[in-house]
Every structure is written in C-alpha cells, then in structure tokens.
Amino acid sequence: IMKKINLNKTVILLFAVFALSNCEKNGPIQFIVIDDFSTTIPIKGLAGESSYSIESSTNISELLDNADTFVEADVESVTLELMDDFSGNSIDGNLSVSAGLIPFLNEDLSLTKSPSLIIIPANVSNILTLITSGAFPISITGNTSSPLGDDDFTIKLTFKIKAKVE
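Residues numbered from 1 in each chain as written. Predicted model: local features only at pLDDT ≥ 70, side-chain atom pairs only at ≥ 80, totals over all residues. Heavy atoms only, no water.

Chemist: So what exactly am I meant to see when it comes to the sheet that holds strand β2 (residues 51-59) here?
Modeler: Where strands meet in a sheet, backbone hydrogen bonds hold them as pairs that are either parallel or antiparallel. Ordered by their spatial adjacency, four strands build an open sheet running β2-β7-β4-β5, and the pairing between neighbours is antiparallel. Two strands bound the open sheet, and with one partner strand each, they are β2 and β5 (102-112). On average, adjacent strands in this sheet sit at an angle of 20° to one another, irrespective of strand direction. (Pairing = 2+ DSSP bridges. Helix = DSSP H or I, 4+ residues; strand = E, 2+ residues; numbered from the N terminus. Axes fitted to C-alpha atoms, helices over the stretch in contact; angles between N-to-C directions.)

Structure (structure tokens):
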C-alpha cells in the first residue's frame with residue numbers, strides 16, 4: 001500500500017510540474033469579462049410617422065476602466081424595451097439596430113414595455129474596433145406596421161458584452 005501511495009504522489013507531482021511548465025512565463029494575463037451596459041434613446045416628434053431613424057452615442061468608459069487592453073470584444077445579446085413614457089402598448093414592425101457599421105439585428109418584432117432579448121450571431125458581434133474609442137455609436141431604424149401614436153418616448157437598449165482583456 002505504501003508503494004501505491006508513493007507512486008500516486010509521484011504521478012501527481014509529475015502532472016503538476018508538467019502543467020506548470022507549459023505556462024507562458026512573463027506573458028500577459030488574459031481573462032474574460034462579461035458586463036452589461038444600458039442606454040436610452042429618446043424618440044421625439046415622430047407621432048403619425050411609420051418610419052424612424054435615430055442615431056445616438058453612449059459613453060462606455062466605465063466598461064473600459066476594467067482592463068488595460070482589450071484583445072476581443074463581442075456583443076452577445078441586446079435587450080430592447082419601451083420605457084413607461086410610451087403611451088401605447090407596442091410598436092410592431094421591422095427594427096434594425098447597429099453600432100457604427102456593425103449590424104446587430106434587422107428583424108420584424110413587437111417592441112413592448114417588457115424586455116425583448118435578442119441573441120446576436122457570432123459572425124456580426126465583434127466590436128473591438130468600436131470599444132477602444134470610449135464611445136459606442138448606436139443606430140436604430142424602424143418601419144412600423146401602423147403610424148406611431150406617441151410624440152415623445154424612450155427605447156432602452158441593454159447590451160451584454162463579452163470581452164477578453166489583458
């Protein structure tokens with residue numbers, strides 16, 4: 001039994017030495033950060049319109065404070081909802097959301113006061129070039145199935161960001 005215990009200790013020690021010897025020496029430490037940031041987009045003066053296009057920019061410096069260098073940055077999802085200042089029940093129609101030249105979604109949906117979670121496909125989620133500037137440009141374009149009945153309301157967008165940082 002003693003030989004078996006000594007053999008197990010030796011195997012474990014060799015495994016640990018092998019695992020640690022494969023670690024990069026003096027290289028940067030990378031870790032994954034997952035964070036949400038929200039922004040609100042005010043919609044004004046569009047009562048009776050059946051299409052809209054709003055451009056905005058939100059400051060993401062708080063997200064940037066978490067790391068020295070971003071190696072990767074992707075939007076995993078966006079949650080959309082109408083704020084309580086909207087007088088109707090929903091806005092139905094096609095909605096497009098993009099950041100800079102990166103389109104996140106373009107689909108028919110019913111935007112309500114309940115959050116709608118949209119998963120962003122991996123092939124359109126890379127925002128590394130945008131995130132380093134500190135400002136996150138957002139464009140919302142929509143075509144509604146019936147004219148907007150409200151002249152002053154707000155859409156809230158919450159982006160879930162997954163980033164690899166050093």
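Chemist: For this particular structure, what's the right way to read the pattern of salt bridges?
Modeler: One side chain can pair with another of opposite charge once the charged atoms of both are near each other. According to the stated counting rule, one finds two salt bridges in the structure shown. Note that D152 is salt-bridged to K44, the shortest N-O span being 2.8 Å. One end of the pair, D152, is in strand β8 (residues 152-165); the other, K44, is in strand β1 (residues 31-44), and 108 residues separate them in sequence. Judged by relative accessible area, K44 falls into the exposed class, the value being 56%. K160 is the salt-bridge partner of E76, the closest N and O atoms lying 3.9 Å from each other. (Salt bridge = Lys/Arg side-chain N within 4 Å of Asp/Glu carboxyl O. Buried < 20%, exposed > 50% of the residue type's maximum accessible area, 1.4 Å probe, protein only.)

Chemist: What should I look at first to understand the packing of aromatic side chains in this one?
Modeler: Within a pair of aromatic rings, the relevant descriptors are the distance that separates the centres and the angle that separates the planes. Per the counting criterion, the structure on display carries five aromatic pairs. Between F37 and F136, the aromatic rings sit 5.2 Å apart at their centres with planes inclined by 85°, giving edge-to-face as the arrangement. Within this pair, whereas F37 is found in strand β1, its partner F136 is found in strand β7 (residues 135-144), the two being separated by 99 residues in sequence. F136 shares its class with F37; the two are buried. Ring centres of F37 and F159 lie 5.4 Å apart, and the angle between their planes is 25°; this geometry places the pair in the stacked category. (Phe/Tyr/Trp six-rings, centres within 6.5 Å; stacked < 30°, edge-to-face > 60°.)

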